[in-house]
Amino acid sequence: MNTKILKINDNSLKLAKALIENGELVAIPTETVYGLGGLATSTEAVNKIFQAKGRPNDNPLIVHVHKNYDLSKLVFVDHDYVYNLIDAFMPGPLTLVMRHKGYVSQAVTCGLDTLAVRIPDHQGCQDFLKYVDLPIAAPSANVSKHTSPVTAEHVYNDLNGKIEVILDGGKCSGGIESTVLDVTKPVPVILRSGLVTAEMIKRVVGACEYVQNAGDDVVRSPGMKYVHYTPKCKTALFERNELPLAQELYDKLTQKGQVPVFLCDDKVSHKLCGEKLLLGVSGEEIASNLYEKLLEGEKIADCLIAIKIDTGSEIDIGVMNRLSKACKPYEKGEEI
Ligand code: TXA
Ligand code: MG
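Parameters and conventions
- Residues numbered from 1 in each chain as written.
- Chains lettered and ligands numbered in written order.
- Predicted model: local features only at pLDDT ≥ 70, side-chain atom pairs only at ≥ 80, totals over all residues.
- Heavy atoms only, no water.
- Helix = DSSP H or I, 4+ residues; strand = E, 2+ residues; numbered from the N terminus.
- Buried < 20%, exposed > 50% of the residue type's maximum accessible area, 1.4 Å probe, protein only.
- Contact = heavy atoms within 4.5 Å.
- Lys, Arg positive; Asp, Glu negative; His and termini not counted.
- Charge placed at Lys NZ, Arg CZ, Asp CG, Glu CD.
- Pairing = 2+ DSSP bridges.
- Arc of directions from axis to C-beta.
- Core = buried A, V, L, I, M, F, W, Y, C linked by side-chain atoms within 4.5 Å.
- Domains from an automatic or database assignment.
- 1 Å grid on protein atoms, 1.4 Å probe; cavity = no way out; pocket = protein on both sides within 12 Å on 5 of 7 lines; lining within 4 Å.
- Points joined across faces, edges and corners; volume = space filled by probe spheres on them.
- Nonpolar A, V, L, I, M, F, W, Y, C, P; charged D, E, K, R; others polar.

*Asks:* Describe the overall build of the protein chain, and please don't skip the residues or the numbers.
*Replies:* In terms of regular secondary structure, the protein chain is built from 11 helices and 15 strands. A principal-axis box enclosing the C-alpha atoms of the protein chain has dimensions of 60 × 50 × 35 Å. For the protein chain, with 336 residues in total, the buried portion stands at 56%. Across the protein chain, the fraction of contacts at a sequence separation of at least 24, relative to all contacts at a separation of at least 6, is 70%. One way to put it: in the protein chain the 37 positive side-chain charges average out to a point 2 Å from where the 43 negative ones average out.

Here is the structure:
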């Protein structure tokens, strides 16, 4: 199969709808990262998603719907604050985990009694979701464990030959995956950090907690226990006060004939000497560039030497969650 990248228009939407209705997969843009979409009510289609990604089968998927979709078909609202969250952040990069009604295939939820639901804030994605008017299960459109894709070309590089169509909606503006929020409890609990931050949720609900995975018997958001976002080259992650050590590693690798490249924000870049991939200045800008730079880095570098992010923005939490999974913390004296 030769995977086609198609601009979003009447023809490609028609084709995408036919594929989805046939239980086939279509890669779709969202404002966060590209998704690998399949019909959420079809176990066969959902199994194809897990297969194409090589995803562990205990890691449930998010269901995507258009903004006028009747969510009450899918889930129960357990607390009134949920309506305020929907008003404030949906469409947007927020996924709500709610008790479900058994409408979608059990393969989506991996047998859990909750379902993750999201309304993406991306015009092309909304057009697609409106056109099919069906709930679409979609994880990020990368091979499991690899960096998430933020352009149609990134999807192509991972999934060429495995799916028929990638709908091209340009570069994703958000750049990191949605905030996953458990709203089955009296106080909402963040299972995965993203661009909708705890402070933003607190302003609407009055309270918000982070999940405590450490020591928990049950991992509340199964995806968070796996290795993630990893580029195909070697990596080393440094604290912001370890720049001399990072430079030492860079120089050592260069002397050995390897190609190291720094991955850092613009603020620290002038303190480092060598080839660099710059992530930007603000939290939003860095989030939006992170995966693109990681994917660019793996093409040009033998080793990405990353420096932790600290812009003072709350978005840093989501960015560092990804960066510290993508890049291995460097241990002093370690051979690379
Ligand atoms: O921005 C995003 O959320 C992107 C785009 C494509 O929408 N999607 C995405 O999907 O990141 P994925 O499959 O890569 O991540 C879904 C996360 C995983 O950590 C998974 O464990 C969690 O959501 N999740 C899904 N259903 C859940 C549930 N019922 N309870 C707890 N966590 C759930
Ligand atoms: Mg993912």
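From this point on, the discussion continues.
*Asks:* Give a description of the sheet that holds strand β4 (residues 62-64) that names residues and reports values.
*Replies:* Strands pair in a sheet through their backbones, by hydrogen bonds, and they do so in one of two ways: parallel or antiparallel. An order of β1-β8-β2-β3-β7-β4-β6-β5-β9-β10-β11 is seen for the 11 strands of this open sheet, with the pairing classed as mixed. In this open sheet, the two strands that pair with only one neighbour each are β1 (4-7) and β11 (209-210). Bridge analysis of strand β10 (residues 189-192) against β11 gives 2 bridges, and the strand direction is parallel. When the bridges of β11 are listed, V189 appears paired with E209.

*Asks:* Which residues make up helix α6 (residues 152-159), and what are the values?
*Replies:* When α6 is considered as a whole, its buried residues turn out to be A152, H154, V155, D158 and L159. One side of α6 holds all its buried residues, which, seen down the axis, span an arc of 160°. Against the buried residues of α6 lie β1, β2 (26-28), β3 (35-39), α2 (43-53), β8 (165-168) and α10 (283-300). G161 lies just past α6 and shows a positive phi near 90°.

*Asks:* Which residues make up unusual backbone geometry, and what values do they have?
*Replies:* Geometrically, the link from M90 to P91 is a cis peptide bond, its omega value of 5° lying close to zero. Relative to the assigned elements, P91 resides in the loop between α3 (81-89) and β5 (94-99). Located in the positive-phi region is C110, a residue other than glycine, with phi close to 55°. Among the secondary structure elements, C110 is positioned in the loop between α4 (106-109) and β6 (114-118). We classify C110 as partly exposed; its relative accessible area is 26%.

*Asks:* Any chance you could break down the nonpolar core for me, citing the residues and the numbers?
*Replies:* In a soluble, globular protein the nonpolar side chains are often hidden away together inside. In this structure, L96, V108, L181 and L323 are the most contacted members of the largest nonpolar core, which totals 71 residues. Counting contributing residues, this core receives three or more from each of domain 1 (4-210) and domain 2 (234-326). Discounting residues that sit within four places of it in the chain, L323 has contacts with L237, L263, L290, A306, I307, K308 and I309. Among the nonpolar cores identified, the runner-up in size contains 17 residues, and F238, L253, C264 and Y330 belong to it.

*Asks:* Now, about empty space enclosed by the protein: what can you tell me, with residues and values included?
*Replies:* Over the atoms rolls a probe the size of a water molecule, and its path tells where empty space is left. In total, this model carries 1 cavity of 30 Å³ or more according to the counting rule given. For the largest cavity, the calculated volume is near 40 Å³. Residue lining of the largest cavity: I190, S193, G194, V196, T197, A198, Y210, E314, I317 and G318, and that is the complete set. Considered class by class, the residues forming the lining of the largest cavity number 5 nonpolar, 4 polar and 1 charged.

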